[in-house]
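Spelled out from the first residue to the last, the chains are:
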Amino acid sequence: MEQIIFAGPRTRKSGLSPKSLMGHVFDDPFSSTGPRKFICPFALPPTRNPPPTENTKPITPPQGKYPERRTAMPDYHHYKHDMIDPKTDRVAVYERHVADLLLNNKLDDTRGNSSLLFELKHSHGAVQFGRILARKRNLPSDIVALAMLLHDIHVGLTGCYKNHAARSAEIASEMLNELGLFSDTEREQIIKIIANHSDKHITSTDPFCEIGKDADIVDCFLYPNVIAGYKFQKTPEMFDKYIERARRVYDELGIPWTGEDI
Ligand SMILES: [Fe+2]
Ligand SMILES: [Fe+2]
């Protein structure tokens, strides 16, 4: 009997959670070519708080805003649920919100132009490149980070790339109204980055427009076959502009340019 390792969308259709499938061999209920088995490759996450052993050193609770909750958590771990402090990290509030939105998205991940996994990876990759470039260019890091977090939000929520820069800007605008934390000027800068990020073939003098395109492209170029993909999708003129932009950012960051896909 044929055996396959499989844990994609079909496991979700089967109604069994990945955790319950872990390490087990099941009949593939969706096989159209006769009986076969699939093995779920998911592993259980490591235990958060391992049981104490006799060598375990006692932890001194750090003093802080929530000392009673920090017995095992270093102070820098500000992403922990309600320990996000908007006064020290406004972007983290939005990061939490976007992660919740995407992880709870009921979109059928087998359809559409992109996948939730890619959108989660790419949005957070672009955030970090946005922060690096913002430091280099002396632009406000949290403005750029938030814009990059939301620049493709429409794709994450719908799986669709069509007009996604404008649509992501609309969603971001609503989110900024709802969650607050940014001034009117900052909101304009964020929306400008998002709304213009797809025009990578156009070079402007606006530092906010340019940094969004650059952070996006430098993250995209770190996934396999992206250069080949752009060559296929774009006109030759546009493709050349994309390469020109990526080369410029690589030079700025001191990354050797090979012109080849990773
Ligand atoms: Fe995009
Ligand atoms: Fe993007």
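Per chain, residues are indexed from 1 in the order of the written sequence. Whichever chain is written first becomes A and whichever ligand is written first becomes 1, with later ones labelled in order. Local features in this predicted model are restricted to residues whose pLDDT is 70 or higher, and side-chain atom pairs enter the listing and the counts only when it is 80 or higher, whereas totals over whole chains, interfaces and linings include all residues.

1. Remarks on the nonpolar core
Piece 1. Residues Val144, Leu146, Ala147, Met148, Leu149, Ile194 and Ala215 are the most contacted members of the largest nonpolar core, which totals 34 residues.
Piece 2. Elements supplying a minimum of two residues to this core: α3 (90-103), α4 (116-137), α5 (141-150), α7 (164-179), α8 (184-196), α9 (207-220) and α11 (236-253).
Piece 3. Distance between backbone-placed C-beta atoms decides contact: two residues are in contact if it is within 7 Å. Excluding residues within four positions of it along the chain, Met148 makes contact with Ser123, Ala126, Val127, Gly130, Gly212 and Ala215. Note on terminology: a nonpolar core is any set of buried Ala, Val, Leu, Ile, Met, Phe, Trp, Tyr and Cys residues joined through C-beta atoms within 7 Å. Burial is judged by counting the other C-beta atoms within 10 Å of a residue's own C-beta: 20 or more makes it buried, 12 or fewer makes it exposed, and any count in between marks it as partly exposed, with every C-beta position built from the backbone. Here a helix means four or more residues in a row that DSSP labels H or I, a strand means two or more in a row labelled E, and each is numbered from the N terminus.

2. Overview of the packing of α3 against α5
Piece 1. Closest axis-to-axis distance for the α3/α5 pair is 9 Å, and the angle between their directions is 10°. On the basis of the axis angle, α3 is roughly parallel to α5. Contacts between α3 and α5 involve Arg90, Val91, Tyr94, Glu95 and Val98 from the former and Asp142, Ala145, Leu146 and Leu149 from the latter.
Piece 2. Polarity classes work like this: nonpolar for Ala, Val, Leu, Ile, Met, Phe, Trp, Tyr, Cys and Pro, charged for Asp, Glu, Lys and Arg, and polar for all others, with Gly in that last group. Classifying every residue of the contact of α3 with α5 gives six nonpolar, no polar and three charged. Helix axes use the C-alpha atoms of the stretch in contact, all axes being lines fitted to C-alpha atoms, and the angles between their N-to-C directions lie in the range 0 to 180 degrees. Throughout this description, any angle smaller than 35 degrees is read as roughly parallel, any larger than 145 degrees as roughly antiparallel, any in the 65 to 115 degree range as roughly perpendicular, and the remainder as oblique.

3. Some words on the confidence of the model for the protein
Piece 1. Confidence of the predictor in every single residue is expressed as pLDDT, which spans 0 to 100. Residues of the protein with pLDDT of at least 70 account for 68%, and the chain-wide mean is 76.
Piece 2. Least confident of the elements in the protein is helix α1 (residues 9-13), whose mean pLDDT is 35; most confident is α5, at 97.
Piece 3. Scored below 50 in pLDDT, residues 1-31 shows 51 contacts in the model against residues more than four places distant or in partner chains.

4. Some words on the environment of Leu116
Piece 1. Turning to its location among the elements, Leu116 is positioned in helix α4.
Piece 2. Its 17 C-beta neighbours within 10 Å are what place Leu116 among the partly exposed residues.
Piece 3. Spatially, the C-alpha atoms of Leu116 and Leu102 are 6.8 Å apart, while their sequence positions differ by 14 residues.

5. Some remarks on the environment of Tyr230
Piece 1. Looking at where Tyr230 falls in the secondary structure, it is placed in helix α10 (residues 226-233).
Piece 2. In this structure, the C-alpha to C-alpha distance between Tyr230 and Ile243, residues 13 residues apart in sequence, is 9.4 Å.
Piece 3. When sequence neighbours within four positions are dropped, the list of residues in contact with Tyr230 reads Phe239 and Tyr242.

6. Considering the packing of α7 against α8
Piece 1. At their nearest, the axes of α7 and α8 sit 7 Å apart, and the two run at 160° to each other. Relative to α8, the element α7 lies roughly antiparallel. Of the two possible hands of crossing, α7 and α8 adopt the one that is right-handed. On the side of α7, the interface is formed by Ala165, Ala166, Ser168, Ala169, Ala172, Ser173 and Leu176, while α8 contributes Arg187, Ile190, Ile191, Ile194, Ala195 and Asn196.
Piece 2. Across the contact of α7 with α8, the residue classes break down as nine nonpolar, three polar and one charged. Left-handed is the label given to a crossing in which the near helix is rotated counterclockwise from the far helix by less than a right angle, and right-handed is the label when the rotation is clockwise.

7. Side note on unusual backbone geometry
Piece 1. Within the chain, Leu181 stands out as a residue other than glycine whose phi angle is a positive 80°.
Piece 2. Locating Leu181 in the fold gives a position in the loop between α7 and α8.
Piece 3. Here Asn225, not a glycine, exhibits a phi torsion of approximately 65°, which is positive.
Piece 4. Checked against the element boundaries, Asn225 lands in the loop between α9 and α10.
Piece 5. Its 11 C-beta neighbours within 10 Å are what place Asn225 among the exposed residues.

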